[in-house]
Amino acid sequence: MIAFLTDWSLKSYYVGVAKAVMKKINPSVDVVDITHDIKPFDVRMAAHVLLRASFDFPENTVFVAVVDYGVGTNRKAICVKTKNNHFYVGPDNGIFTYVAQHYGVKQIRELDNKSFHYGSSYTFHGRDIFAAVAGYLSKGIPFEQIGSVLPNYIVLPTKNAQLGSDFMIGEVVYFDGFGNVETNIPACFVEKLQWEMDDVILLNERYELIYVKAYGDVEKGKGLVHVDSSGFIEISVNQGSAANVFKFHEGELVKLRRKKP
Amino acid sequence: MIAFLTDWSLKSYYVGVAKAVMKKINPSVDVVDITHDIKPFDVRMAAHVLLRASFDFPENTVFVAVVDYGVGTNRKAICVKTKNNHFYVGPDNGIFTYVAQHYGVKQIRELDNKSFHYGSSYTFHGRDIFAAVAGYLSKGIPFEQIGSVLPNYIVLPTKNAQLGSDFMIGEVVYFDGFGNVETNIPACFVEKLQWEMDDVILLNERYELIYVKAYGDVEKGKGLVHVDSSGFIEISVNQGSAANVFKFHEGELVKLRRKKP
Amino acid sequence: MIAFLTDWSLKSYYVGVAKAVMKKINPSVDVVDITHDIKPFDVRMAAHVLLRASFDFPENTVFVAVVDYGVGTNRKAICVKTKNNHFYVGPDNGIFTYVAQHYGVKQIRELDNKSFHYGSSYTFHGRDIFAAVAGYLSKGIPFEQIGSVLPNYIVLPTKNAQLGSDFMIGEVVYFDGFGNVETNIPACFVEKLQWEMDDVILLNERYELIYVKAYGDVEKGKGLVHVDSSGFIEISVNQGSAANVFKFHEGELVKLRRKKP
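Residues numbered from 1 in each chain as written. Chains lettered and ligands numbered in written order. Predicted model: local features only at pLDDT ≥ 70, side-chain atom pairs only at ≥ 80, totals over all residues. Heavy atoms only, no water.

Applied cut-off: UniProt positions are given in the numbering used here, feature names are shortened, and annotations may be inferred rather than shown by experiment.
As annotated in an unreviewed UniProt entry, chain A carries the name Adenosyl-chloride synthase and comes from Pseudothermotoga lettingae. The UniProt entry for chain A carries this comment under Sequence similarities (unreviewed entry): "Belongs to the SAM hydrolase / SAM-dependent halogenase family."

## Here we look at the overall build of chain A
Quick note on the threshold: The secondary structure listing takes helices from DSSP runs of H or I that are at least 4 residues long and strands from runs of E that are at least 2 residues long, numbered from the N terminus. When we talk radius of gyration, it's over C-alpha atoms, and the globule rule is simply 2.2 Å times the number of residues to the 0.38. In what follows, a contact means two residues having at least one pair of non-hydrogen atoms within 4.5 Å. The accessible surface values rely on the Shrake-Rupley method and a 1.4 Å probe; as for residues, cover is taken only from the protein chains in view. Asp and Glu count as negative and Lys and Arg as positive, but His and the ends of the chain are not part of the count. Taken as the charge centre is NZ of Lys, CZ of Arg, CG of Asp or CD of Glu, depending on the residue.
Looking only at helices and strands, chain A has six helices and 15 strands in total. The C-alpha atoms of chain A give 20 Å as radius of gyration, which agrees with the globular expectation for 261 residues (18 Å, within 12%). A separation threshold of at least 6 residues defines the contact pool for chain A, and within that pool the share at least 24 residues apart is 65%. In the form shown here, chain A has an accessible surface area of approximately 9,800 Å², with 49% of it arising from carbon and sulfur atoms. Measuring between centres, the 28 positive side-chain charges of chain A sit 4 Å from its 29 negative side-chain charges.

## Comments concerning the side chain of N85(C)
All names here are of chain C. Note the threshold: Residues adjacent in sequence count toward polar contacts only when both atoms are side-chain atoms; beyond that, a polar contact is any pair of N or O atoms within 3.5 Å, and within protein one must be able to donate a hydrogen and the other to accept it.
Relative to the helices and strands, N85 resides in the loop between β4 (77-82) and β5 (87-91). Within the structure, the side chain of N85 is placed 2.8 Å from the side chain of K106, a separation counted as a polar contact. Other than its neighbours up to four places away in sequence, N85 contacts E59, N60, T61 and K106.

## Digging into the domain arrangement of chain A
Residue and element names in this part refer to chain A. Our working definition: Here the limits of each domain have been adopted from an automatic or database domain assignment. Reported buried area values correspond to the accessible surface (1.4 Å probe) lost by two parts on association, with both partners' losses combined. Counted as salt bridges are all cases of a side-chain nitrogen of Lys or Arg within 4 Å of a carboxyl oxygen of Asp or Glu. Classification convention: Asp, Glu, Lys, Arg as charged; Ala, Val, Leu, Ile, Met, Phe, Trp, Tyr, Cys, Pro as nonpolar; all other residues, Gly among them, as polar.
Segmentation of chain A into domains returns domain 1 (2-150) and domain 2 (162-258). Here domain 1 meets domain 2 over a buried area of about 810 Å², counting both sides, of which 54% is carbon and sulfur. Looking only at domain 1, the three residues that lose the most surface to domain 2 are R44, H48 and R52, adding up to 64% of its buried area. Applying the counting criterion to the domain 1 and domain 2 interface returns three salt bridges. With a shortest N-O distance of 2.6 Å, K39 and E250 are connected by a salt bridge. Here domain 1 and domain 2 share four residue pairs in polar contact (both at pLDDT 80 or more) between them. Tallied by class, the residues present in the side of domain 1 that touches domain 2 amount to four nonpolar, one polar and three charged.

## Some points on the interface of chain B and chain A
Between chain B and chain A, the residue contacts involve 28 residues of the former and 37 residues of the latter. Taken together, both faces of the contact between chain B and chain A bury some 2,600 Å²; the carbon and sulfur share is 59%. Its largest share of buried area at the contact with chain A, chain B owes to K11(B), Y13(B) and T123(B), together 28% of the area lost on that side. At the junction of chain B with chain A, the criterion picks out three salt bridges. K23(B) is the partner of D30(A) in a salt bridge, and the nearest nitrogen-oxygen pair spans 3.0 Å.

## Looking at the packing of aromatic side chains
Between two aromatic rings, the relevant description is the distance of the centres plus the angle of the planes. Threshold: Between rings of Phe, Tyr and Trp, where Trp is taken as its six-membered ring, a pair exists when centres lie within 6.5 Å; planes separated by under 30 degrees are stacked, by over 60 edge-to-face, and by other angles tilted. Criterion for a charge above a ring: Arg CZ or Lys NZ at most 6 Å from the ring centre, at most 35 degrees from the ring normal.
Applying the stated criterion across every chain yields a total of 45 aromatic pairs over all chains. Measuring from ring centre to ring centre gives 5.5 Å for F41(A) and F178(C), while their planes differ by 25 degrees; the resulting arrangement is stacked. One end of the pair, F41(A), is in the loop between β2 (31-35) and α2 (43-54); the other, F178(C), is in the loop between β9 (167-175) and β10 (181-186), on a second chain. Taken together, the ring pairs connect F4(A), W8(A), Y13(A), Y14(A) and F124(A) into an aromatic cluster. Residue placement shows R52(B) over the ring face of F232(B); its charged tip is 3.9 Å from the ring centre.

## Re the sheet that holds β2(A)
All names here are of chain A. To keep it simple, the criterion reads: When DSSP locates at least two bridges between a pair of strands, those strands are taken to pair. Helix axes are fitted only over the stretch in contact, all axes being lines through C-alpha atoms; the angle between N-to-C directions runs from 0 to 180 degrees.
The strand order across the open sheet built from seven strands is β2-β1-β3-β5-β4-β6-β7, with neighbouring strands paired in mixed fashion. Only two strands of the sheet have a single neighbouring strand rather than two, namely β2 and β7 (149-150). Judged from the three bridges that link them, strand β3 (residues 62-66) and strand β5 (residues 87-91) form a sheet pairing that is parallel. Opposite F63, over in β5, you have Y88 as the bridge partner. Across the sheet, α2 is in contact with β1 (2-6), β2, β3 and β5; its angle to β2 comes to roughly 130 degrees.

## Things to note about the environment of S148(A)
All names here are of chain A. Structurally, S148 can be placed in the loop between α4 (125-139) and β7. Remark: the alpha-carbon pair of S148 and D112, spanning 36 residues in sequence, is separated by 6.8 Å. Once you skip the residues sitting within four places of it in the chain, S148 turns out to touch I108, R109, E110 and D112. Of note is the side chain of S148, whose polar atom sits 2.4 Å from the side chain of D112.

## Focus on the packing of helix α1 (residues 14-25) of chain A against α4(A)
Residue and element names in this part refer to chain A. Heads up, the rule is: Handedness of a crossing follows from how the near helix is turned relative to the far one, being left-handed for an anticlockwise turn of less than a right angle and right-handed for a clockwise one.
α4 packs onto α1 with a crossing angle of 35 degrees between their chain directions and a minimal axis gap of 8 Å. When the axes of α1 and α4 are compared, the crossing they make is right-handed. Across from V17, A18, V21, M22 and I25 in α1, the residues of α4 making contact are G126, R127, A131, A132, G135, Y136 and K139. In terms of residue class, the contact of α1 with α4 is built from eight nonpolar, two polar and two charged.

## Observations regarding the environment of M1(A)
Tracing the backbone through its elements, the reader meets M1(A) in the segment before β1. Residues M1(A) and E252(A), spaced 251 residues apart in sequence, show a C-alpha to C-alpha distance of 35 Å. Those residues within four positions of M1(A) in sequence are excluded, and the remaining contacts are D30(A), V32(A), F57(A), P58(A), N60(A), T61(A), V62(A) and K23(B).

## Observations regarding the pattern of salt bridges
Where side chains of opposite charge bring their charged atoms close, a pairing between them can arise. The condition that has to hold: Accessible area is worked out with a 1.4 Å probe on protein chains only. A residue is then buried under 20% of its type maximum, exposed over 50%, and partly exposed in between.
All told, the structure shown has 45 salt bridges over all chains when counted by the stated rule. E205(A) serves as the salt-bridge partner of K255(A), at 3.0 Å between the closest nitrogen and oxygen. Pair noted here: K255(A) is in strand β15 (residues 253-258) and E205(A) is in the loop between β11 (200-203) and β12 (207-211), with a separation of 50 residues, a long-range link. Classification of K255(A) by relative accessible area gives partly exposed; the value is 25%. Here E205(A) falls in the partly exposed class, since its relative accessible area comes to 39%. Ionic pairing is found between K11(B) and E250(A), a salt bridge with its closest N-O pair at 4.0 Å. Of this pair, K11(B) sits in the loop between β1 (2-6) and α1 (14-25) while E250(A) sits in the loop between α6 (242-246) and β15, each in a different chain.

## Notes on the interface of chain B and chain C
Where the parts come together, the accessible area they lose is often given as the size of the interface. With 37 residues of chain B at the contact, the number on the chain C side is 28 residues. Between chain B and chain C the total buried area reaches about 2,600 Å² when both faces are included, carbon and sulfur atoms providing 59% of it. Counting the surface chain B buries against chain C, the share from its top three residues, D56(B), F178(B) and S229(B), is 27%. For the pair chain B and chain C, the number of links is three salt bridges. The interface formed by chain B and chain C includes 11 residue pairs in polar contact (both at pLDDT 80 or more). Taken together, the elements giving at least two residues each to the side of chain B that touches chain C come down to β2 (31-35), α2 (43-54), β9 (167-175) and β13 (223-227) of chain B. Tallied by class, residues from the side of chain B that touches chain C come to 16 nonpolar, nine polar and 12 charged.

## Brief notes about the layout of surface pockets
Empty pockets left among the atoms are what a rolling probe the size of a water molecule brings to light. Heads up, the rule is: A 1.4 Å probe that fits into a set of points on a 1 Å grid over the protein atoms alone but cannot get out defines a cavity; an open set with protein on both sides within 12 Å along at least five of seven lines defines a pocket, and lining residues are those with an atom within 4 Å of a point. Grid points are joined across faces, edges and corners, and a volume is the space filled by probe spheres set on the points.
Quantified by volume, the largest pocket comes out at close to 950 Å³. Taken together, 46 residues make up the lining of the largest pocket; nearest its centre are D33(A), K19(B), D33(B), K19(C) and D33(C). Its residues placed into classes, the lining of the largest pocket shows 21 nonpolar, 11 polar and 14 charged.

## Considering the relation of the copies chain B and chain C
Copy one and copy two of the chain differ by a rotation about a common axis and a shift along it. For clarity, the cut-off: Alignment of copies: least-squares fit on C-alpha atoms of residues with pLDDT of at least 70 in both copies.
The transformation that overlays chain B on chain C combines an axial shift of 0.0 Å with a rotation of 120 degrees, and the residual RMSD is 0.0 Å. Viewed as a symmetry operation, the transformation between the two copies matches a three-fold axis. An overlap of only 3% is found between the interface residues of chain B and their copies at the interface of chain C, pointing to separate contact surfaces.

## Some remarks on helix α1 (residues 14-25) of chain C
All names here are of chain C. Defined as follows: An expected span of 1.5 Å times one less than the residue number is assigned to each helix.
For α1, built from 12 residues, the straight-helix expectation of 16 Å at 1.5 Å per residue is met to within 8% by its first-to-last C-alpha distance of 17 Å. With respect to burial, α1 is a largely interior element, 11 of its 12 residues being buried. Taken together, the buried positions of α1 are Y14, V15, G16, V17, A18, K19, A20, V21, M22, K23 and I25.

Here you go:
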């Protein structure tokens, strides 16, 4: 299976022709779109979404992840094989930071074997290199043949979530289609601070949220905080958009603290 | 075949991971997207779109329809098997009202057999229950095994279309991507009122539309009313957006009356 | 393989049910979406996008291209078989102008054999004729059976790119999802005017662009001109939107001239 994530949007034909190349090389391959609506050029967002999506894909999935404003310059084209036997194909610009940290790296290869490329444009490696190599990998071409070993890959500067004595701080990773605010704060922080259901949580010392299990556990329009389905803390508004209500920006920090009873 | 409809949008990775789960369970399944752009939380719109789309899918199609703000609360997870052998998987919140009424219900089951679930999040039953059960059903797991029989399901309050002596009244069900206005008025009302091609039809006693067969039967920019490809009355503007021109709101009532010659 | 392009958007269920019809007829067919976000009713844009996308699809691909405001009127439904053995199925309204000119026409047939239709709506030939015939063609039904031979097809009035003594003029064909400006100026014009890397190019005698190979060859936010991955001249802004910066309209003409050193 190939899982496919880009910032190309579906407006143009780029996603379609990349799939055509994958299927020319491996006609029986299944291509599953993760999303093509990553904010243009936003490698950080892509890296976070890729990690969250990766949890549900099986072993041997080939991921193609392309946010690639450096295409045609000297940035490398790579494939990261992780210890859980996922293959991550794309530009070496930090997009694989979180999956590599999460699963551990088995080996990295530069995609310098041109016999597995499809063409040689300067501006569309998504089609000409990444889609093509993914097609071959999905067909069973050995990882060892796609290019030479690389010792390391580019790592994004990251703002790790922090646990204080009675608070947690994390990054607004991105908003989903509902306006839910995804953070990089891991679920285990909640246990460490011993939050309990229905506790009142202060967001940035200003807004009151209720800590619950499900959106419907608060009234329509009310703010809530909960552990989302990928194991991170999510800030939401029941049947509303937390992004709009709390005026967040993607990338900023948020602080969550339980209000004294 | 699995047919898939949600209000998740394609911005996030939710649709992608739900498909990953379906394909982990049944690698050869074909998943066809109906749409993922249902207005967030709009069960009414989803129920109407689901019915219209269902007409063209074959017997044994498994439909996954998820607009689910009640996820994680006590709302049930169900599968409705209809008399035409369609399987409708999703939350019990009214989303299956129109398909159940149209095709008739053979049996309803609650998805309480956890051996066919994939995980147990509180907020993503779309992946953990609905996608998983659909994967198993598409593989041929007997309907009887997915859970216990339910006597009934939740029905949306509906505004049925009404036929008057010389007029018809119906609901603005939703707008399509062109701004065509879809109503719930069935095509047979036209015969009952004996409209003829090129009749002038008053919309809400105010705007003049022409009753025609095809968009191009009126000049560019002119309003028209016709029987759409799903068997309902549609209000359109040739090469324009009726939603914008006539300032409709989804859910409101419209009246159509033939103008006296 | 079926490649699928429309102006229907993904908001409604139209794309989904057209695919359902294709797969009812040929359950094993692979359908690849080119895009469904062609500007509504914009046959010109569709014709350009179709050509660019077609380059990467294999022989025997069946293309379904539907921008069809004339549906239900006397416009014909056709299939153009090109000399490279592509099949182009859709309305006879000019949408196949550029693929027919580029590949050459082997034969054109009108889709008048109703045994390969699925239904007979007046407003959804995309589903009832084009999707259905494409399903049969993808299954191997001989081209000769789908209908009677047509001597010609409708050709769009086109503004061909022009080469002057020291300038080139072309059409703004459309914007991609990044706001890159796609033109109809072929790459060979650059050689004819002997542009060299890093030359300064005047856009409409007003804006300065740099002629480069890749987006990243200029600073972030700077304008550039380059040969895109389909063999045409593209005007871009590194990590920005050229459509917004230069305030283009789709369809207008642009002039590019090398600045005297």
